[in-house]
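Listed here are the chains, written in short residue letters.
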Amino acid sequence: MNMSKIAPVILIVDDDEGHALLVRDSLQEAGLSNQIEHFRDGQSILDFFFHHGPGSHMKKGQAYLVLLDIRMPKVDGVEVLRQIKADKELHKLPVIMLTTTEDPREVERCHDLGCNVYLQKPVDYGKFAEAMRRLGLFITLLLVPPVTERD
Amino acid sequence: MKKLARKRDGLQIGGNQALKVPMPNSGTTLEEQAAWMAEIVASSDDAIISKNLEGIITSWNRGAQRLFGYEPGEAIGRSVLFLIPPDRQQEEKSILERIAKGEHVEHYETVRLRKDGSPVHVSLVISPIKDASGQIIGASKIARDISERIKSEQLLRAALKEVGDMKAALDEHSIVAITDAAGKITYVNDKFCVISKYSREELIGQDHRIINSRYHPKEFIRDLWTTIKQGKPWRGEIRNRAKDGSFYWVDTTIFPILDDEGKPKQYVAIRTDITTRKENEAKLERLARELEEKNKDLESVVYIVSHDLRAPLVNVQGFGRQLERACEKIRAVTLSSDAAAELKQPLETTIPQALRFIQAGITKMDALLDGFLRFSRLGRVALNVKPLDMNAMLASIVESMQFQINQAKAEVRIDSLPECLGDSTQVNQVFSNLIDNALKYRDPARPLVISVSGRAEGNRAVYAVKDTGIGIAPEHQPKIFEIFHRLDPQATTGEGLGLTIAQRILERQNGKLWVESQAGIGSTFHISLPTV
């Protein structure tokens, strides 16, 4: 398994376009050059992974990393996490919960479902930028396996 | 025994007086018959006495001796008056008068005296004795001891009275009905009529279907009948319908009364009106449901606050920063150009100031949201209540706050404190908060002394955290426990939650928090916690 060679595509799943933009900006400021894609709700990312609908779908052999918000229209982040982690191929994908909620029960639920990291978006921009910088560092160090066969 | 005085061929027995008795049978000699009769009299369990018309005793059998305790020699020749209690002496006179007229006295129940002076209940049969010519010359008296019977009668009367009293007590308290084995109503008390609004006449002969509310399922009624038909009492709560259509609830016990074969012959139903209780229960249930819904609403509000209300703040803050940086870039470029003069004001003053206010506003709002969340989560934290060593707890609090205490040049005095029951973490939080407040609200003009004391008061431990700080004016005292209330927002830091949370913590542990304070002198916060 050749893991380290492929830079993962970062998939930001967030219904708040501003948040997605801020995350993208600060990750890029932190020096990340990965391709970044934005999904506006849980359904669109599931469609991407499970090859539903007309939109873009994931490609075999590509590595992905998911930055997942929780409260989103249609399908929420916890359900997306559950489906990813229940899939025998997708469950290897690193999923980072990135949300404004810090409710301990919500955190526990996500950990139970197998999220890799739980990060709260700090309101304070200084803290936010710092969190994103660390996240960027974490991502560069993370070995992300490419998606192989699924179905 | 009436035949004793029949005028026929008489024979003489006992003493010097003649007693005419009928012949037992013919064919025996007079002497044999006399001896036979004498033996009957002598061996009788009843006392048989004869007396003349003056009341002087002329014969005294063994039964009389047993009953009254006198030997024949002690009694014969004396007036019978000595057997009669002083208050009944008149009786003898009237008896003798009746005898003299030839009347019989049958089963006359009275009291006589024994030799030892004790009274004895007797039943008397007194008949005249006539001589051969038919002249009444005296009386025979047969006295039977009826003490046992009288005693039984008294017991029976007492038992009947007790039953009657019990029934009266039951009727006073309960709704009572009795039915026969088939369930037909044979008795109802007044309370039954009042609550069911039917008259007694309307109820007797009916069965309980007359008050059926159709509220209970068939199985419920079937189970009731199965139970009582087996001779077992049944207990339950029943909704009935009164004559006017209104409903009432009764707590019901049906008690089967069994016949000699052990089969129910009657059912006694004792009921208590529980309509009010049932209404209250229903109300309580409704309130509990409403409360549950409200709690769910509150939970979702908390969730919305924690996520949705915060999400825009991330943008305002984030893009505010981006504006700020863009502004800096513009400034760097424009200041060197000719356009500088006109842009100087907005770029150097207006925009940075606006951004500063925006940032400060967001910081404040974020702190409030954070505090609100912490407060609302208090109710969900599981409590671990156990005995707390308060001396150890306060020592550790003081140790962890030593830096701030030194900074404030404060003196902290801790008395010996009683134990209490509470959640260690949360009670620690309360005391830390109170000491922290004392340090914050100190009076710079005076040295700060914080003293913590405690005493046992019945089932509770009451602690006091007293300071020599600025104190709280009376009109402000009720407000200090309000959420987000801060007495002097400029002077100190914090979001105004400490005391609100402290009070909430204590309320959850059956504790209390209250304050006594005088502006310019200091405050004392009292904490009461249970000890058992």
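Residues numbered from 1 in each chain as written. Chains lettered and ligands numbered in written order. Predicted model: local features only at pLDDT ≥ 70, side-chain atom pairs only at ≥ 80, totals over all residues.

## Some words on the overall build of chain A
- Per the secondary structure count, chain A includes 5 helices and 5 strands.
- Starting at the N terminus and ending at the C terminus, chain A contains elements arranged as β-α-β-α-β-α-β-α-β-α.
- Looking at chain A as a whole, 36% of its 151 residues are labelled buried.
- At a minimum sequence separation of 6, the contacts of chain A that also span at least 24 residues come to 69%. (Helix = DSSP H or I, 4+ residues; strand = E, 2+ residues; numbered from the N terminus. Buried ≥ 20, exposed ≤ 12 C-beta atoms within 10 Å, placed from the backbone. Contact = placed C-beta atoms within 7 Å.)

## Considerations on the confidence of the model for chain A
- Mean pLDDT over chain A: 85, with 95% of residues reaching 70 or higher.
- Taken element by element, chain A is modelled with least confidence in helix α5 (residues 125-141) of chain A, mean pLDDT 83, and with most confidence in strand β1 (residues 9-13) of chain A, mean pLDDT 94. (pLDDT = per-residue confidence, 0-100.)

## Regarding the confidence of the model for chain B
Residue and element names in this part refer to chain B.
- Summary statistics for chain B give a mean pLDDT of 86 and a share of 92% for residues scoring 70 or more.
- Contacts of residues 1-21 to residues separated by more than four positions or lying in other chains number 51 contacts, the stretch itself having pLDDT below 50.
- Two summary scores accompany this predicted model of the complex, namely pTM at 0.50 and ipTM at 0.71.

## Re the packing of helix α3 (residues 77-86) of chain A against helix α4 (residues 104-113) of chain A
Residue and element names in this part refer to chain A.
- Put simply, α3 and α4 touch, their axes get as near as 9 Å, and they point 15° apart. Classed by the angle they form, the pair α3 and α4 counts as roughly parallel. Considering how the two elements wind past one another, α3 and α4 form a crossing that is left-handed. Between α3 and α4, the residues in contact are Val-78, Leu-81, Arg-82 and Lys-85 and Arg-109, Cys-110 and Leu-113, respectively.
- Of the residues in the contact of α3 with α4, the class split is 4 nonpolar, no polar and 3 charged. (Axes fitted to C-alpha atoms, helices over the stretch in contact; angles between N-to-C directions. Parallel < 35°, antiparallel > 145°, perpendicular 65-115°, else oblique. Left-handed = near helix turned anticlockwise from the far one by under 90°. Nonpolar A, V, L, I, M, F, W, Y, C, P; charged D, E, K, R; others polar.)

## Description of the nonpolar core
- Core analysis: the biggest nonpolar cluster contains 41 residues, and Leu-11, Val-13, Val-66, Leu-67 and Leu-68 of chain A have the highest contact counts within it.
- The contacts of Leu-11 of chain A, once residues within four sequence positions are left out, are Glu-37, Phe-39, Ile-45, Tyr-64, Leu-65, Val-66 and Leu-67 of chain A.
- Listed in part, the 31 residues of the second largest apolar core include Ala-438, Val-452, Val-465 and Ile-472 of chain B. (Core = buried A, V, L, I, M, F, W, Y, C linked by C-beta atoms within 7 Å.)

## Here we look at the pairing of strand β7 (residues 185-188) of chain B
All names here are of chain B.
- Pairing of strand β6 (residues 175-180) with β7 involves 3 bridges; the strand directions are antiparallel. The partner of Thr-179 across the bridge, within β7, is Ile-185.
- Hairpin connection of β6 to β7: 4 residues between the antiparallel strands, including Gly-183 at a positive phi of 100°. (Pairing = 2+ DSSP bridges.)

## Side note on the sheet that holds strand β12 (residues 411-414) of chain B
Residue and element names in this part refer to chain B.
- Spatial strand order, β12-β14-β15-β17-β16: 5 strands in an open sheet with mixed pairing. Looking at which strands have only one partner, the edges of the open sheet turn out to be β12 and β16 (512-518). On average, each strand axis in the sheet is tilted by 15° relative to the strand beside it, whichever way the strands run.
- The pairing of strand β14 (residues 449-457) with strand β15 (residues 460-466) spans 7 bridges and is classified as antiparallel. Pairing of Val-452 across the sheet is with Val-465, part of β15.
- Contacts from helix α14 (residues 424-440) reach β14, β15 and β17 (522-530), with the element oriented near 20° to β15.

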